[in-house]
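A structural walkthrough
The residues making up each chain are set out below.
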Protein chains: 2
Amino acid sequence: MINEKLLRPDSIAVIGASNNISKPGGKIVKNLIEHSFPGKLYLVNPKDQEIQGMKSYKQANDLPQVDLAILAIPARFCLETVKILAEKKSTKAFIVLSAGFGETSDEGKELEQEIVDVVNRHNACLIGPNCIGVMTPHHASVFTTPVPKLTPAGCDFISGSGATAVFIMESGIPKGLRFANVFSVGNSAQTGVEDVLAYLDETFDENASSRVKLLYIENIDDPDKLLYHASSLINKGCKIAAIKAGSSQAGSRAASSHTGALTSSDAAVEALFRKAGIVRCYGREELTTLANVFMCKELKGEKLAIITHAGGPGVMLTDALEDGGLQIPRIEDSPAKDALKEKLFPGSSVENPIDFLATGTAAQLGKIVDACEHDFDVDGMAVIFGSPGLFPIRDVYEVLDKKMQTCKKPVYPILPSIINVKEDVAYFLSHGNVNFPDEVLLGKALTKVINTPEPASNEIYVKDINVDAIGRILNESQNGYQPPEIIHRLFDAAGIPRVEEIVAKNEKEAVLAAMKIGFPVVMKVVGPVHKTDVGGVVLNVRNAEEVRKEFHHLNEIDGVEGVLIAQMASGTELFLGATYEENFGHIVLCGMGGIYVEVLKDVASGLAPLSHEEAMSMLRQLKSYKLMQGYRKQEGINIPQFADIIVRLSSLLRFATEIKELDINPLLGNEKEILAVDARIRVEK
Amino acid sequence: MINEKLLRPDSIAVIGASNNISKPGGKIVKNLIEHSFPGKLYLVNPKDQEIQGMKSYKQANDLPQVDLAILAIPARFCLETVKILAEKKSTKAFIVLSAGFGETSDEGKELEQEIVDVVNRHNACLIGPNCIGVMTPHHASVFTTPVPKLTPAGCDFISGSGATAVFIMESGIPKGLRFANVFSVGNSAQTGVEDVLAYLDETFDENASSRVKLLYIENIDDPDKLLYHASSLINKGCKIAAIKAGSSQAGSRAASSHTGALTSSDAAVEALFRKAGIVRCYGREELTTLANVFMCKELKGEKLAIITHAGGPGVMLTDALEDGGLQIPRIEDSPAKDALKEKLFPGSSVENPIDFLATGTAAQLGKIVDACEHDFDVDGMAVIFGSPGLFPIRDVYEVLDKKMQTCKKPVYPILPSIINVKEDVAYFLSHGNVNFPDEVLLGKALTKVINTPEPASNEIYVKDINVDAIGRILNESQNGYQPPEIIHRLFDAAGIPRVEEIVAKNEKEAVLAAMKIGFPVVMKVVGPVHKTDVGGVVLNVRNAEEVRKEFHHLNEIDGVEGVLIAQMASGTELFLGATYEENFGHIVLCGMGGIYVEVLKDVASGLAPLSHEEAMSMLRQLKSYKLMQGYRKQEGINIPQFADIIVRLSSLLRFATEIKELDINPLLGNEKEILAVDARIRVEK
């Protein structure tokens, strides 16, 4: 696992150092030298005595003690070298750039594991193999360019792909994005994205650590770890944006059941990110734009002022922000507004957007920003200022730079003229600022941030949930779809309200059951999975004679195992279901039943266990939420109770990972109460 | 209106030419000289005898004949100068850069109009005032930079805002976007965006004209003209992408009626663009990315191959494309596939994405592109090739460039390493290619293109529609909400089927009407707008006695004008409505009735008149379309008839612009027929 020797080594050895800077072993030496690694740098190469002007050792054995070793040698030599370094040179951190391991063959996979074993035995850290390296403010141990400005004020970036990391940096750097630590985890043999994040969480220093984390992930191996540490970091004041590539792959998964058709492993990722409070991105440009939003001060509200010297971009930004739920409120009349207007040229507008015209000056911009900071009721500002190329606008960017340092509200700079005033933009960025060259991409990023919830509580709701009983019931259960008794007992143990149901084996039992429950009753066949398709459900059975008649009818259905006599409930149909995703746990889905789920796909999802707030937030996401509240003459449902049932179900599932599939379809509800009417549970131990 | 003298003048005079190139009058001269205007250039300035090394005239009067005049003088001098030039120098084209006209004051507006009058009197063309100018392959008559490479192979760009035009070019140029003609229309005093588009349509030359048109629009003054010429150009093989800024303004419109709450002027823009076949964009980056898609060969299908040397971007592009409805099909096994695989390094994948690894070569890329062009069942290719900065990759881009010229299928180049191989990317662009630095932005643009329909037919459906009768009925109608008789006659004239209805003034008439229609009937109050809210609708009235009783009841409601006896229809509730937008005409809205429209907002819109194809496409857009088709045991509706009713209603409206608001709510339908049950029409003449 990651340690200080990786981040702040006193000495680094490059094994496979080269004079050829078009090779990884040459380029990484060049990067280390050019970016002034302050410690001791040792180079190892069997042929050359001097590499890039420095002494070179013939073999690893000849080296003195070394903290961090970087291997840029063929895969087959790596194990031996790691052994020598770990055993004789007390090396505690390894970066293996070499490819040819687990990504190419089973033998490679074994070799990789042997290296991991050695590294683990010595309580050391391994990054890679098959990676581009690691950069920190102390050393640029990568064989690629560009090497961005590395500063503790930059963002931390962890990438599951080396090339993609390069392309993401190339997208961010022209916009002024700076980096603190960059990790390319390669094959994640010992240390994956989640492990790096865990380290950043465990060693988080309020005064020194970066508050912005970017992730590029191709596989989530340990969702729990990701969830835990991402939530923890965000609760400590960090911001996290992440790409999880491969969302479309999910479409290929066979959907064996009703619920399965509505979920997917992408739904699991979505649910995980939302629970953790991670802002999900889908592309490089989006990720780096989001990173730049995070590099600005935090927007603590939803009201923005748009300050512009050109109408069009101001309007487009207004559209994008309002579309995403932010507000561009009219600036209310006040002496401050009048005073500001007097300082601007005639024709300027001090509504919002605040348009100070193509002729607007640096001094005017300063006055506007001051008014937005001190006088106007807004939570932040977007400043649009480009140039038609007539004269330099350095003075404007100087003012903007100064104001950004002193303002407590966030200021988002939109400098679109990346050709006309290239040097002025570069000057602005050189002061540590970011730029959003496209206002609409900024607008979308900002609304994504505003619409990402806080991390959910990670406590499991257990009040009145009989955890021991759940374990016992599942122990007794068989694999496959569960009989009504098991379902009843599980629901009762979790406190999920349900209609009264009794299984009858014969006519007499059926009549007694119906009398006990009270007429009218519903009768359902027990056994076949899709009851309705085989005519296995009879509603509104009104007396003993009808019970007898329907019992005979149902008893003739193929695969019948009994007949269920149930309380006849009525109300609005609701749906609640869950699927189990390997590693993730249960994805819980809810919505209104029938066509709302099946045709309109109006379903919300969340990752179990869920808090009451999460359950309410899932319900509020639904388009049919308004119907649940009661619409016109139609009665609504008891929404807090539905949320409570969702929470209880999610707790039940958390203690019942053997449940691989669960549908309650329908529940029936009115303003007073909600009851589970029919349910299906599949167990796989 | 635009003429040849604007586009290809033999002579240009700059009035207000200056030596100071930080002023418009100086910079425009510099641009004209630097971009080698091949004709005669005259400069006018009262003070200096020489401007930028050229002779300067004291006043316009001293000039010889001149084709195009550019005015960069204070607004107050413009009218006089235009008069001199138009009257004495037979100048036929004017570009007025000067501000201080209609955008600042009423006097400015008058002055602007006087200039327009002079220009029109001489059958000349006026661009501006308050604009940055015009660029064509013949002359760069703008006072701004950058001046892009102007070539007939570039795109035509018309902008309603000068600064925004500059920023859009700055967004496009680094991605290789080239321009043919650029028009900044400023105040559009004589010539607006629609007029320029009309000219480009009327003078379209299959062999010489650009096939890509970009629009930045802030106001659509003449929607009909825009629709007509955009459709016409697209039908001639052009592609059009446009930003209409100000979509969020629409939210502020008061929504006075049911339908009004669902539409807005932004819905009108949306409907207009869809009808015209224009791809709608919301930001500069999006517009220029789309323009670059259009600059590539046309994608004639939905199957793309993704060719990449890095996994991550390939996966993200796959996600974006599949999410938008394009396919990344698996490459089927074949000898060609085997042969290709042999030419690639071990570990390469010839599935799709085709991943030829970080070590992939130029020669291999050539083979892959050839296979996709000739052997594999795909309609186009996206090629991702960046660099970690180890060595130049010029050879790869040379191959890509060559292949792009010979391939008949479109090839979309994604070159993300805009820092590492900046020069190689510049080389690639210098050959006239475009670049998509971000694969996901490309993916979104491509799916937007694929999901934009063809222009709709502009014929009005008139079969069995009695246009004369519609005119007569409206002539007889009064302003305000219409009585049932008028509604019946209008629907009958348009062939819109409706339930039988008779208005009764007294008890006896009511009973007779009910007997004529046949029991059971529905009784409704005539007069108050919101019938249901005042208890003015009684369903299922079964006999004469009940008719009498209900008549008395209804007759007591405030504002009653009569009682309507109607056929009792049943079936699925449908909704059809329309609002009138100034200039645009009628926006027709359709959907399933009740909660589908009111709560779930499942409504499709289209601009009248509509063709049958458009009506069907509107219906298919609805989430509830599946319910209309019949879902499980629930009967569907006669969808072709619903489409027919939509078309007829849209034709009716086209001949009845006096109708400002119309709701048919509900129609009731089953698999056999659909009948309008209740309707409200507001006329305003």
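Residues numbered from 1 in each chain as written. Chains lettered and ligands numbered in written order. Predicted model: local features only at pLDDT ≥ 70, side-chain atom pairs only at ≥ 80, totals over all residues. Heavy atoms only, no water.

In the nomenclature of an unreviewed UniProt entry, chain A corresponds to Acetyltransferase from the organism Tangfeifania diversioriginum.

Let us look at the overall build of chain A. Assigned secondary structure in chain A consists of 23 helices and 29 strands. Taking the principal axes of its C-alpha atoms as reference, chain A extends roughly 100 × 75 × 35 Å. Expressed as a percentage of its 685 residues, the buried residues of chain A come to 59%. Sequence separation of at least 24 residues holds for 71% of the intrachain contacts in chain A that already meet a minimum separation of 6. Averaged over its 71 positive side-chain charges, chain A has a centre that lies 3 Å from the centre of its 89 negative ones. (Helix = DSSP H or I, 4+ residues; strand = E, 2+ residues; numbered from the N terminus. Buried < 20%, exposed > 50% of the residue type's maximum accessible area, 1.4 Å probe, protein only. Contact = heavy atoms within 4.5 Å. Lys, Arg positive; Asp, Glu negative; His and termini not counted. Charge placed at Lys NZ, Arg CZ, Asp CG, Glu CD.)

So, on to the domain arrangement of chain A. Segmentation of chain A into domains returns domain 1 (1–130), domain 2 (148–284) and domain 3 (296–450). Computed over C-alpha atoms only, the centres of domain 1 of chain A and domain 3 of chain A are separated by 48 Å. (Domains from an automatic or database assignment.)

Attention now goes to the sheet that holds strand 8 (residues 133–135) of chain B. Residues and elements named next belong to chain B. Across the sheet, which stays open at both edges, the seven strands sit in the order 9-8-11-10-12-13-14 with mixed pairing between neighbours. At either margin of the open sheet sits one strand with a lone partner, and together these are strand 9 (140–142) and strand 14 (279–281). Taking each pair of neighbouring strands and ignoring which way they run, the sheet shows an average axis angle of 20 degrees. In this sheet, strand 12 (residues 212–217) lies alongside strand 10 (residues 150–159) in parallel orientation, the contact comprising four bridges. Of the residues in strand 12, the one forming a bridge with Phe 157 is Leu 214. Each of strand 8, strand 10, strand 11 (179–184) and strand 12 touches helix 5 (residues 162–172); the most contacted strand, strand 10, lies at about 140 degrees to it. Packing of helix 8 (residues 265–276) onto the sheet brings it into contact with strand 12, strand 13 (239–244) and strand 14, and relative to strand 14 it is tilted by some 140 degrees. (Pairing = 2+ DSSP bridges. Axes fitted to C-alpha atoms, helices over the stretch in contact; angles between N-to-C directions.)

Okay, the nonpolar core next. Ranked by size, the top nonpolar core spans 107 residues in total, and within it A:Leu619, A:Phe642, B:Leu619 and B:Phe642 carry the most contacts. Setting aside chain neighbours within four positions, we find A:Leu619 in contact with A:Cys590, A:Tyr625, A:Met628, A:Ile639, A:Phe642, A:Ala643 and A:Ile646. (Core = buried A, V, L, I, M, F, W, Y, C linked by side-chain atoms within 4.5 Å.)

Moving on, we come to the relation of the copies chain A and chain B. Once turned by 180 degrees and shifted 0.1 Å along the axis, chain A lies on chain B with an RMSD of 0.1 Å. What the superposition gives is, in effect, a two-fold axis relating one chain to the other. Closest approach to the rotation axis within chain A is made by the C-alpha atom of A:Leu600, at a distance of 4.7 Å. By residue overlap, the copies meet face to face through one surface: 100% of the interface positions of chain A are interface positions in chain B. (Least-squares fit on C-alpha atoms with pLDDT ≥ 70 in both.)

A separate point is the sheet that holds strand 16 (residues 354–355) of chain B. All names here are of chain B. One open sheet accounts for four strands, arranged 16-15-17-18; its pairing is parallel. Unpaired on one side and paired on the other, strand 16 and strand 18 (411–414) mark the two borders of the sheet. The strands touched by helix 10 (residues 311–323) within the sheet are strand 15 (304–308), strand 16, strand 17 (380–384) and strand 18, with strand 15 carrying the most contacts at an inclination of about 160 degrees.

What follows deals with the packing of helix 13 (residues 394–406) of chain A against helix 14 (residues 422–430) of chain A. Residues and elements named next belong to chain A. One way to put it is that helix 13 packs onto helix 14 with a least axis distance of 10 Å and a crossing angle of 20 degrees. What the angle tells us is that helix 13 and helix 14 run roughly parallel. Judged by the sense of rotation from one axis to the other, the crossing of helix 13 with helix 14 is right-handed. Residues Arg 394, Tyr 397, Glu 398, Leu 400, Asp 401 and Met 404 of helix 13 lie in contact with helix 14, whose contacting residues are Glu 423, Asp 424, Val 425, Tyr 427 and Phe 428. In terms of residue class, the contact of helix 13 with helix 14 is built from six nonpolar, no polar and five charged. (Parallel < 35°, antiparallel > 145°, perpendicular 65-115°, else oblique. Left-handed = near helix turned anticlockwise from the far one by under 90°. Nonpolar A, V, L, I, M, F, W, Y, C, P; charged D, E, K, R; others polar.)

Moving on: the state of the cysteines. Here a disulfide denotes one covalent bond, and it connects the sulfur atoms of two cysteines. Going through the model one piece at a time under the given rule, you end up with zero disulfides over all chains. Counting only cysteine sulfurs, B:Cys407 is the nearest neighbor of B:Cys372, a cysteine outside any disulfide, at a range of 8.7 Å. (Disulfide = S-S within 2.5 Å.)

Further remarks concern helix 3 (residues 78–88) of chain B. Residues and elements named next belong to chain B. Along helix 3, the positions that sit buried rather than exposed are Cys 78, Leu 79, Thr 81, Val 82, Ile 84, Leu 85 and Ala 86. Looking at the buried positions of helix 3, the neighbouring elements they touch are strand 1 (11–15), strand 5 (68–71), strand 6 (93–96) and helix 4 (106–121). Looking one or two residues beyond helix 3, the residue adopting positive phi is Ser 90, at roughly 45 degrees.

Okay, the UniProt feature "domain: ATP-grasp" (unreviewed entry) in chain A next. If you check UniProt for "domain: ATP-grasp" (unreviewed entry), the listed places come out as residues 488–524 of chain A in our numbering. Each end of residues 488–524 of chain A is marked by a C-alpha atom, and these two atoms are 15 Å apart; helix forms 49% of the span and strand 22%. (UniProt positions renumbered as here; feature names shortened; annotations may be inferred.)

Now for a negative patch on the surface. Judged by side-chain charge, A:Asp106, A:Glu107, A:Glu110, A:Glu114 and A:Asp117 come together as a negatively charged surface patch. Looking at the secondary structure, you find A:Asp117 in helix 4 (residues 106–121). (Patch = residues over 30% accessible without salt bridge, like charges linked within 9 Å, V, L, I, M, F, W, Y side chains within 5 Å. Areas by Shrake-Rupley, 256 points an atom, 1.4 Å probe, with all protein chains shown as cover. Salt bridge = Lys/Arg side-chain N within 4 Å of Asp/Glu carboxyl O.)

Right, let's get into the environment of B:Ala291. Structurally, B:Ala291 can be placed in helix 9 (residues 284–295). Along the chain, B:Ala291 and B:Leu214 lie 77 residues apart, while their C-alpha atoms are 7.2 Å from each other.

For the bond from A:Phe519 to A:Pro520, the omega torsion is -10 degrees, close enough to zero to count as cis. Looking at the element boundaries, A:Pro520 is found in the loop between helix 18 (507–517) and strand 21 (521–526). Each neighbour pair has its own omega, and for B:Thr145 with B:Pro146 the value is -5 degrees, a cis peptide bond. With respect to the helices and strands, B:Pro146 occurs in the loop between strand 9 and strand 10. Residues other than glycine seldom take positive phi values, yet A:Ser36 does so here, at roughly 50 degrees.

This part covers the environment of A:Gln49. Residue and element names in this part refer to chain A. With respect to the helices, strands and loops of the structure, Gln 49 is situated in the loop between strand 2 (40–44) and strand 3 (50–51). Of the residues examined, Gln 49 reaches a relative accessible area of 64% and is grouped as exposed. Setting aside residues no more than four positions away along its own chain, Gln 49 makes contact with Met 54, Lys 55 and Ser 56.

On any regular strand, side chains alternate: one points to one face of the sheet, the next to the other face. All names here are of chain B. Burial analysis of strand 2 (residues 40–44) places four of its five residues in the buried class, which makes it a mostly covered element. At this point the chain moves from strand 1, through helix 2 (residues 24–34), to the parallel strand 2, and the crossover so formed is right-handed. Where strand 2 meets strand 4 (residues 54–57), two bridges bridge the pair, whose relative direction is parallel. Looking at strand 4, one finds that Val 44 is bridged to Tyr 57. (Right-handed = clockwise from strand over helix to strand, strands pointing away.)

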